Amino acid sequence: MDVQMFWRDQWYAAAWGSEIVDKPVARMVCNEAIVLFRRTNGEVAALADYCPHRLLPLSEGHQEGDLLVCRYHGVRIDHEGICRYAPRTKKVGPKFRANTYTVVERYELIWVWIGNPDNVDESGVPAFPWLSDSRWTGRGGMFEINCDFRLLVDNLMDLTHEAAVHSNSIGQPELLDAPFDTEVNGDDVRIKRHMFGVPQPAFQSTYIQRELKTDGPIDRLQDIRFVKPTNVTIDACFAVPGTGADQGDRSRAITFMVLNIITPSTPTRTMYFWNIVRDFLIEDEEVSEVLQAGINVVFAEDVEVLEAQQRAIEHAPEKRMRMLGIDTGASCVRSVIERGVGATN
Ligand code: FES
Ligand SMILES: [Fe+2]
């Protein structure tokens, strides 16, 4: 796959909804510079981030009511990209406007359509229903990582790395050789890794002990799914051994949904929106805070690895990766993405 190309005619997350309040926000999505702003009716608009006059990013300016005001000479642009005021000019030409993007605010995220506007399909917004479901709670965050987004997708499709990268928190050595199943169905790729009667990992043990009343071995289930075009969900379940969690009975289990919303900014820069929502202690704000802080530290370990990996790749672009038995999921996902890129470019 040509690293300059992305899977088009897809929705990509550009921001958490809570980030877009009363100021323009600049985001690079699949190499397209976009400015987001919230109108007074609450809807979010997205424009190409160039002033039609001298191309200063509109995000450098400010918002006045429903208009963006360019910082340079004060041109005012509305949510449809139309110029509503230009100095010393009665009427601007039809090309004096900013291009627009279709936006959907769903699951607490702002999604923009990258591709042909004639093909917009709202049913294709990647499904992250846990983010707007009161039975789940959690606090997330966002990292901007200096790496090819595919390195992050590889990382999440293969959680073996938890044993090494996160050995003091969410990892455990049992992950290294645990068998897993890979299912591929069209664009869906799913990895199931079920470990029975393993020790409790350090990071989750507080909650396992508190909720499941055991400090002994547990069943640890990981169900990883690729969500096209570039996202990953992980159903991470910890259960009292032999209580049927692997068959769907979660009555003696706690579950974390690890939600990884990944947006390529450029070929070497990635936005990583994340949240880990849980189905227990959902009223407890302190638990949310502690988990958020803890996961920030854990994911920062991934960021370090990914950025070092990216630097090595850029330094020696002729080198090729060589696959191991742990890479099935990541390899399948790379093929799906490559197919999507090929079909839409
Ligand atoms: S560059 Fe925006 S008004 Fe001149
Ligand atoms: Fe990780």
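Quick caveat, the model's predicted, so the values are computed rather than measured.

The next point concerns the side chain of Thr230. Tracing the backbone through its elements, the reader meets Thr230 in the loop between β15 (218–227) and β16 (231–239). Here the side chain of Thr230 touches Ile262 through a polar contact of 2.7 Å, landing on its backbone oxygen. Every residue in contact with Thr230, bar those within four places of it in the chain, is listed here: Tyr12, Phe149, Val153, Ile262 and Pro264.

In terms of backbone geometry, most residues other than glycine have negative phi values and most peptide bonds are trans. Backbone torsion omega between Lys228 and Pro229 reads 10°, so that peptide bond is classified as cis. By secondary structure assignment, the location of Pro229 is in the loop between β15 and β16. A positive phi is found at Cys30, a non-glycine position, where the angle reads about 50°. Here the phi dihedral of Leu281 falls at roughly 45°; this positive angle occurs in a residue that is not glycine. You can see Leu281 is positioned in the loop between β18 (269–278) and α4 (285–315).

According to the domain assignment, the chain contains domain 1 (10–124) and domain 2 (130–344). Taking the mean C-alpha position of each, domain 1 and domain 2 sit 33 Å from one another. On the domain 2 side, the residues contacting the 17 residues of domain 1 number 18 residues. Buried surface at the junction of domain 1 and domain 2, both sides included, amounts to about 1300 Å², of which 65% is carbon and sulfur. At the junction of domain 1 with domain 2, the criterion picks out zero salt bridges. The tally of links between domain 1 and domain 2 comes to five residue pairs in polar contact (both at pLDDT 80 or more). For the side of domain 1 that touches domain 2, the element with the most residues is strand β1 (residues 10–16), which contributes seven residues.

What follows concerns the pattern of salt bridges. Under the definition given, this model contains 22 salt bridges. Between Arg269 and Glu144 there is a salt bridge, with its nearest N and O atoms 3.7 Å apart. Within this pair, whereas Arg269 is found in strand β18, its partner Glu144 is found in strand β12 (residues 141–145), the two being separated by 125 residues in sequence. Because the salt bridges share partners, they merge into one network encompassing Arg139, Glu285 and Glu289.

On to the packing of aromatic side chains. For the structure shown, the criterion picks out 11 aromatic pairs. Here Phe256 and Phe280 contribute two aromatic rings whose centre-to-centre distance is 5.3 Å and whose plane-to-plane angle is 90°, an arrangement assigned as edge-to-face. Pair noted here: Phe256 is in strand β17 (residues 253–266) and Phe280 is in the loop between β18 and α4, with a separation of 24 residues, a long-range link. For the pair Phe256 and Phe280, a shared accessibility class is recorded, and that class is buried. Relative to Phe299, the ring of Trp274 has its centre 5.4 Å away and its plane inclined at 75°; by these criteria the two rings are edge-to-face. Of this pair, Trp274 sits in strand β18 while Phe299 sits in helix α4, and the two are 25 residues apart along the sequence. For the pair formed by Trp274 and Phe299, the shared burial category is buried. Three or more aromatic residues link up through ring pairs in this structure, and these residues are Phe143, Tyr272, Trp274 and Phe299.

Membership of the largest hydrophobic core comes to 88 residues, with the highest contact counts inside it found for Leu36 and Met157. Of the domains in this structure, domain 1 (10–124) and domain 2 (130–344) are the two that each give at least three residues to this core. Aside from chain neighbours lying at most four places away, what touches Leu36 is Ala14, Ala15, Ile20, Lys23, Pro24, Val25, Arg27, Val44, Ala45, Ala46, Ile110 and Val112. Core analysis: the next-biggest nonpolar cluster, separate from the first, contains 14 residues, Phe37, Ala45, Leu68 and Cys70 among them.

To continue, consider helix α5 (residues 328–344). Between its first and last C-alpha, α5 extends 25 Å over 17 residues, near the 24 Å set by a 1.5 Å rise per residue. Buried within α5 are the following residues: Gly329, Ala330, Val333, Val336, Ile337, Gly340 and Val341. With its buried residues spanning 135° around the axis, α5 presents them on a single face. Residues of α5 that are exposed and point over 90 degrees away from its buried face: Gly342 and Ala343. Packing partners of the buried residues in α5 comprise α1 (149–157), β14 (188–198) and β15.

Here the focus is the pairing of β12. Of the two faces of β12, only one is covered, namely that formed by Gly141, Phe143 and Ile145; the face formed by Met142 and Glu144 stays uncovered. Of the pairings in the sheet, the one linking β12 to β18 comprises five bridges and is antiparallel in character. Considered in β18, the bridge of Phe143 is made with Tyr272.

To continue, consider the packing of α1 against α4. Between α1 and α4, the shortest axis-to-axis distance is 10 Å and the interhelical angle comes to 130°. Comparing their axes, α4 and α1 come out oblique. Seen from above, α1 lies across α4 with right-handed handedness. Touching Leu151, Leu152 and Asn155 of α1 are Asp302, Leu306, Gln309, Gln310 and Ile313, all from α4. When the residues that make up the contact of α1 with α4 are grouped by side-chain class, the tally is four nonpolar, three polar and one charged.

Scoring rules and cut-offs
Residues numbered from 1 in each chain as written. Chains lettered and ligands numbered in written order. Predicted model: local features only at pLDDT ≥ 70, side-chain atom pairs only at ≥ 80, totals over all residues. Heavy atoms only, no water. Helix = DSSP H or I, 4+ residues; strand = E, 2+ residues; numbered from the N terminus. Polar contact = N/O pair within 3.5 Å; in protein donor to acceptor, adjacent residues only side chain to side chain. Contact = heavy atoms within 4.5 Å. Domains from an automatic or database assignment. Buried area = accessible area lost by both parts, 1.4 Å probe. Salt bridge = Lys/Arg side-chain N within 4 Å of Asp/Glu carboxyl O. Phe/Tyr/Trp six-rings, centres within 6.5 Å; stacked < 30°, edge-to-face > 60°. Buried < 20%, exposed > 50% of the residue type's maximum accessible area, 1.4 Å probe, protein only. Core = buried A, V, L, I, M, F, W, Y, C linked by side-chain atoms within 4.5 Å. Expected span 1.5 Å × (residues − 1). Arc of directions from axis to C-beta. Pairing = 2+ DSSP bridges. Axes fitted to C-alpha atoms, helices over the stretch in contact; angles between N-to-C directions. Parallel < 35°, antiparallel > 145°, perpendicular 65-115°, else oblique. Left-handed = near helix turned anticlockwise from the far one by under 90°. Nonpolar A, V, L, I, M, F, W, Y, C, P; charged D, E, K, R; others polar.

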